[in-house]
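Residue-level listing of the chains:
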Amino acid sequence: MAAAGDGPWLDDAAGRLVRPFTVSNGRTRPSVDLDLMSQVRATGVTPLGYLGPEHAQALDLCRVPLPVAEIAAHLKLPAAVTKVLLSDLVDCGALTTKPPAFHDHPTDRALLEAVLDGLRRQL
């Protein structure tokens, strides 16, 4: 069942009526290098011009720092599309990004153990 406020974007039988590639105007590459764990946060700058409803939703979510992967999950969009939307917002100054804390050491044992523990709790 479609959630309240989804309007014409979702249909109970068909799912999402607007395909993800249309949300990013067919673009597949973000203009900013974003990792799934990159932290994104709103700057308080209001974007000039029209941005789509997904841009507005992403900006609203980013009032607190969130990783790209979590934003994609909230928007129910593929990560690649979410990265394009977020890069639009970074380009206009509405968002700022920060690489993940483990960026220099992506195979940090403590991080991998924490991920494994989280996955075990989900199963």
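Note that this is a predicted model, so its numbers are computed, not measured. (Residues numbered from 1 in each chain as written. Predicted model: local features only at pLDDT ≥ 70, side-chain atom pairs only at ≥ 80, totals over all residues. Heavy atoms only, no water.)

(A) Representation of the nonpolar core. Formed by 16 residues in total, the largest nonpolar core has its most connected members in V40, A58, C62, I71, L75, L86 and L95. Secondary-structure elements contributing two or more residues to this core are α3 (68-75) and α4 (79-91). Counting residues per element, this core draws most heavily on α4, which supplies four residues. When sequence neighbours within four positions are dropped, the list of residues in contact with A58 reads I71, L75, L86 and L89. (Core = buried A, V, L, I, M, F, W, Y, C linked by side-chain atoms within 4.5 Å. Buried < 20%, exposed > 50% of the residue type's maximum accessible area, 1.4 Å probe, protein only. Helix = DSSP H or I, 4+ residues; strand = E, 2+ residues; numbered from the N terminus. Contact = heavy atoms within 4.5 Å.)

(B) Focus on helix α2 (residues 53-61). Turning to α2, its buried residues are E54, H55 and A58. Buried residues of α2 fall within an arc of 105 degrees about the axis and therefore sit on the same side. (Arc of directions from axis to C-beta.)

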